[in-house]
Amino acid sequence: MRMSAIKNSSIHKTSKIESGSTVVNATMDRYSFCGYNCKLLNVKVGAFCSIADNVIIGGAQHPMEWV
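Residues numbered from 1 in each chain as written. Predicted model: local features only at pLDDT ≥ 70, side-chain atom pairs only at ≥ 80, totals over all residues. Heavy atoms only, no water.

**Student:** Could you clarify how one ought to interpret the sheet that holds strand S2 (residues 10–11) in this entry?
**Tutor:** Strands sit in the order S2-S5-S8 across an open sheet of three strands; the sheet is parallel. One side of each edge strand has no neighbouring strand; the edge strands of this open sheet are S2 and strand S8 (44–45). Sheet analysis places strand S5 (residues 27–28) next to S8, joined by two bridges and oriented parallel. Across the sheet, the residue bridging to Thr27 is Lys44, located in S8. (Pairing = 2+ DSSP bridges. Helix = DSSP H or I, 4+ residues; strand = E, 2+ residues; numbered from the N terminus.)

**Student:** What am I meant to see in the side chain of Ser32 here?
**Tutor:** Of note, Ser32 is situated in the loop between S5 and strand S6 (33–34). At a separation of 3.1 Å, a polar atom in the side chain of Ser32 contacts the main-chain amide nitrogen of Cys49. (Polar contact = N/O pair within 3.5 Å; in protein donor to acceptor, adjacent residues only side chain to side chain.)

**Student:** I keep staring at the pattern of salt bridges and nothing clicks. Help me out?
**Tutor:** Pairing between side chains of opposite charge can happen when the charged atoms of each approach one another. Counted by the stated rule, this structure contains one salt bridge. Of the charged contacts, one joins Lys16 and Glu18 as a salt bridge, the two residues approaching to 3.4 Å between their closest N and O atoms. Residue classification places Glu18 among the buried positions, given a relative accessible area of 12%. (Salt bridge = Lys/Arg side-chain N within 4 Å of Asp/Glu carboxyl O. Buried < 20%, exposed > 50% of the residue type's maximum accessible area, 1.4 Å probe, protein only.)

**Student:** I'm lost on the sheet that holds strand S3 (residues 16–17) in this one. Help?
**Tutor:** Adjacent strands of a sheet pair through backbone hydrogen bonds, lying either parallel or antiparallel. Taken in spatial order, the three strands of this open sheet run S3-S6-S9, and their pairing is parallel. Bordering the open sheet on either side are S3 and strand S9 (50–51), each of which pairs with just one other strand. Where S6 lies against S9, two bridges are found, and the strand directions are parallel. Bridge pairing in S9 links Cys34 to Ile51.

**Student:** How should the environment of Asn25 be read in this particular structure?
**Tutor:** Along the polypeptide, Asn25 turns up in the loop between strand S4 (22–24) and S5. Classification of Asn25 by relative accessible area gives partly exposed; the value is 34%. Along the sequence, Asn25 and Leu41 sit 16 residues apart, while their C-alpha atoms lie 6.1 Å from each other. At 3.1 Å, the side chain of Asn25 forms a polar contact with the side chain of Asn42.

**Student:** Teacher, can you tell me more about the side chain of Glu18 here?
**Tutor:** Structurally, Glu18 is set in the loop between S3 and S4. Beyond its immediate sequence surroundings of up to four residues, Glu18 is in contact with Ser4, Phe33, Cys34, Gly35 and Tyr36. (Contact = heavy atoms within 4.5 Å.)

All quantities given are derived from atomic positions and should not be read as evidence of function.
See below:
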């Protein structure tokens, strides 16, 4: 059985994070969902959001001066 790794984060009691996911420095508002094997790093997930399996959010930075 695999567990989720949640560190320095605030997850609302009505939200769910599936196994294999890593959540670091994140907040997840009410009734949101995170699928299997995701990485959420330094993010704020709002209410009623659904994140699919194998998604990486906050894994890299892009140079803003290129825009």
